[in-house]
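Listed here are the chains, written in short residue letters.
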Amino acid sequence: QVQLVESGGGLVQAGGSLRLSCVASGSIFSINDMGWYRSAPGKARELVATISSGGFTNYAGSVKGRFTISRDNAKNTSWLQINSLKPEDTAVYHCNAQVRTVARSTISVWGQGTQVTVSS
């Protein structure tokens, strides 16, 4: 079994910053892509950013230049640095990992999410 735990969300004013963390634990052999997604009320979950095990990154156009995704493979951890926050960034941010388990199966794991609220 593999778990993802996010942290770092909160209430911030527009223009502020937050750093979200995602830690994976459990029966992990390796982790391929890790990513951050967000769900806002009344909207479908959307991709925010992804990072491969080799460090290649991909961002949604709406966050490019403001958000930075990073990871530490040895610690099974990913971070999302979010700067210049806007009210429209308000959402629950979820971490996702494509995990190869010790049993050599590949599974997609989601965390419970961390709330980010941006006030204007």
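Refer to the preceding data block for the structure.
Along each chain, residues carry numbers from 1 onward, in the same order as the chain's sequence is written. pLDDT decides what is reported in this predicted model: residues at 70 or higher carry local features, side-chain atom pairs at 80 or more are listed and counted, and totals for whole chains, interfaces and linings draw on all residues regardless. Hydrogens and waters are ignored; side-chain quantities use all the structure's heavy atoms.

(A) Fine view of the overall build of the chain. Where helices and strands are cited, they refer to DSSP runs of H or I of at least four residues and of E of at least two residues respectively, numbered from the N terminus. The secondary structure content of the chain amounts to zero helices and eleven strands. Starting at the N terminus and ending at the C terminus, the chain contains elements arranged as β-β-β-β-β-β-β-β-β-β-β. Overall, the chain is about 50 × 25 × 20 Å in size when its C-alpha atoms are taken along their principal axes. The 120 residues of the chain split such that 41% are buried. Contacts: residue pairs with any heavy atoms within 4.5 Å of one another. Of the contacts formed within the chain by residues at least 6 apart in sequence, a portion of 55% connects residues at least 24 apart. Using the Shrake-Rupley algorithm and a 1.4 Å probe, accessible areas are obtained, with residue cover drawn only from the displayed protein chains. Total accessible area on the chain is roughly 6100 Å²; 49% of this is exposed by carbon and sulfur atoms. Treating the 11 positive side-chain charges of the chain as one cloud and the 6 negative ones as another, the clouds have centres 4 Å apart. Relative accessibility under 20% of the residue-type maximum defines a buried residue, over 50% an exposed one, and the middle range a partly exposed one, all with a 1.4 Å probe and only protein chains included. Charge convention: Lys and Arg are scored as positive, Asp and Glu as negative, and His as well as the terminal groups of each chain are ignored. We put the charge of a Lys on NZ, of an Arg on CZ, of an Asp on CG and of a Glu on CD.

(B) Geometry of the sheet that holds strand β8 (residues 77-82). Spatial ordering of the open sheet is given by β1-β3-β8-β7, a layout of four strands whose pairing is antiparallel. Only two strands of the sheet have a single neighbouring strand rather than two, namely β1 (2-7) and β7 (67-72). The mean angle between the axes of side-by-side strands here comes to 15°, regardless of whether they run parallel or antiparallel. At least two bridges found by DSSP between two strands is the condition for calling them paired. With six bridges joining them, β7 and β8 adopt antiparallel strand pairing. Within β8, the position partnered with Asp72 by the bridge is Thr77. Interaxial angle, 0 to 180 degrees, is taken between N-to-C directions of lines fitted to C-alpha atoms, where a helix line uses only the stretch in contact.

(C) Representation of the pattern of salt bridges in the model. Counted as salt bridges are all cases of a side-chain nitrogen of Lys or Arg within 4 Å of a carboxyl oxygen of Asp or Glu. Under the criterion given, the structure shown has three salt bridges. We note a salt bridge from Arg38 to Asp89, for which the minimum N-O separation is 3.0 Å. A residue pair is termed long-range when its members are at least 10 positions apart, and Arg38 in strand β4 (residues 28-39) and Asp89 in the loop between β8 and β9 (91-101) qualify at 51 residues. Taken individually, Arg38 and Asp89 each receive the classification buried, so the pair is uniform in this respect. Residues Arg66 and Asp89 are paired through a salt bridge, measuring 2.7 Å at the closest nitrogen-oxygen approach. Note that Arg66 is positioned in the loop between β6 (57-59) and β7 and Asp89 in the loop between β8 and β9, a separation of 23 residues in sequence.

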